[in-house]
Amino acid sequence: MKASLLHFSSLEVPLLAELQELESLYLLFNLGSLDALMHVYESSADVRSCARVQLALAVNETYLAGNYVRFFRLVKKLHFLDLCAVHRHIPQMHNLALNRMSVAYNSKIHGYPMEHLRPLLMLDSTDKVAELCMRHNLLVKEGQIYFLKAAWKESGLANPVKWIFCQEKDRKTAQTSMQLVQLLLIGGSTAVS
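**Regarding the overall build of the protein chain**
Move 1: Broken down by element type, the protein chain carries eleven helices and three strands.
Move 2: Along the protein chain, helices and strands appear, N-terminal first, in the series α-α-α-α-α-α-α-α-β-α-α-β-β-α.
Move 3: Across the 193 residues that make up the protein chain, the buried fraction comes to 40%.
Move 4: Restricting to contacts in the protein chain with at least 6 residues of sequence separation, those with at least 24 account for 61%.

**Some remarks on the sheet that holds strand 3 (residues 144-146)**
Move 1: The strand order across the open sheet formed by three strands is 1-3-2, and the pairing between neighbours is antiparallel. Strands with a single pairing partner mark the edges of an open sheet, and in this sheet they are strand 1 (112-113) and strand 2 (139-141).
Move 2: Pairing between strand 2 and strand 3: three bridges, direction antiparallel. Its bridge partner being in strand 3, Leu139 is matched across the sheet by Tyr146.

**Some remarks on helix 5 (residues 51-65)**
Move 1: Taking 1.5 Å of rise per residue, the 15 residues of helix 5 would be expected to cover 21 Å, and the 21 Å separating its terminal C-alpha atoms lies within 8% of that figure.
Move 2: When we look at burial in helix 5, the residues that qualify are Arg52, Val53, Leu55, Ala56, Leu57, Ala58, Val59, Asn60, Thr62 and Tyr63.
Move 3: One or two residues past the end of helix 5 sits Gly66, with phi positive at roughly 75°.

**Observations concerning the pattern of salt bridges**
Move 1: All chains considered together, the criterion is met by five salt bridges.
Move 2: The residue Asp82 makes a salt bridge to Arg52 at a minimum N-O spacing of 2.8 Å. Of this pair, Asp82 sits in helix 7 (residues 80-86) while Arg52 sits in helix 5, and the two are 30 residues apart along the sequence. With respect to class, Asp82 is no different from Arg52; both count as buried.
Move 3: Put simply, Asp124 and Lys128 hold a salt bridge, and the shortest N to O gap is 3.0 Å.
Move 4: Owing to a relative accessible area of 42%, Asp124 belongs among the partly exposed residues under this scheme.
Move 5: Take Lys128: its relative accessible area is 22%, and that puts it in the partly exposed class.

**Quick notes on the nonpolar core**
Move 1: Counting 47 residues, the largest nonpolar core has Val59, Phe71, Val75, Leu98 and Leu117 as its most contacted members.
Move 2: The leading source of residues in this core is helix 5, at seven residues.
Move 3: Contact partners of Phe71, with chain neighbours within four places excluded, come to Leu31, Val59, Thr62, Tyr63, Val86, Ile90 and Met93.

**Regarding the environment of Gln144**
Move 1: Within the secondary structure, Gln144 is located in strand 3.
Move 2: Residue classification places Gln144 among the partly exposed residues on the basis of a relative accessible area of 24%.
Move 3: When the C-alpha positions of Gln144 and Thr126 are compared, they lie 10.0 Å apart, and in sequence the two are 18 residues distant.
Move 4: When sequence neighbours within four positions are dropped, the list of residues in contact with Gln144 reads Gly111, Tyr112, Pro113 and Leu139.

Conventions we followed
Residues numbered from 1 in each chain as written. Predicted model: local features only at pLDDT ≥ 70, side-chain atom pairs only at ≥ 80, totals over all residues. Heavy atoms only, no water. Helix = DSSP H or I, 4+ residues; strand = E, 2+ residues; numbered from the N terminus. Buried < 20%, exposed > 50% of the residue type's maximum accessible area, 1.4 Å probe, protein only. Contact = heavy atoms within 4.5 Å. Pairing = 2+ DSSP bridges. Expected span 1.5 Å × (residues − 1). Salt bridge = Lys/Arg side-chain N within 4 Å of Asp/Glu carboxyl O. Core = buried A, V, L, I, M, F, W, Y, C linked by side-chain atoms within 4.5 Å.

None of the figures reported here should be taken as evidence of function without further support.
The following block contains the structure:
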């Protein structure tokens, strides 16, 4: 992907919209990478100042800070292809969120409602919340999660719980993204069937 970025930026008349999209994709795919962050900051002001790249920078910042609440709020605003790029980092943020909540809400008596956690972690059902919590050895009972830091178990990232990937994204955005992918893979043809 970095080679494609370098190719687009070296063109005599750079394709600004495509370059902005590639910069955001590169940063989101490589969340936490200093190399990706430096690449964005070294790009032109036109690229850095666009809303899409600014959103990608904000997602990267919250990822580095470990702010899972803001991370998931920002991820909900991403374009379809950007969601694809950030997808691989979601299980890690789920683990971080549950780990921090195990310390913050540590109680044998008071439970945390699964229905409150479901949208926070971008999960589409309380069954998936329960599955995720049970992977971390957290007690789930009667729609409540009982966070006990002593019982916390780190879960492997293999077979992550499926999360809400795409909600009502408009067709035009997805089609434009597919045109960019075709342009990169085929080398010039932008026709989408």
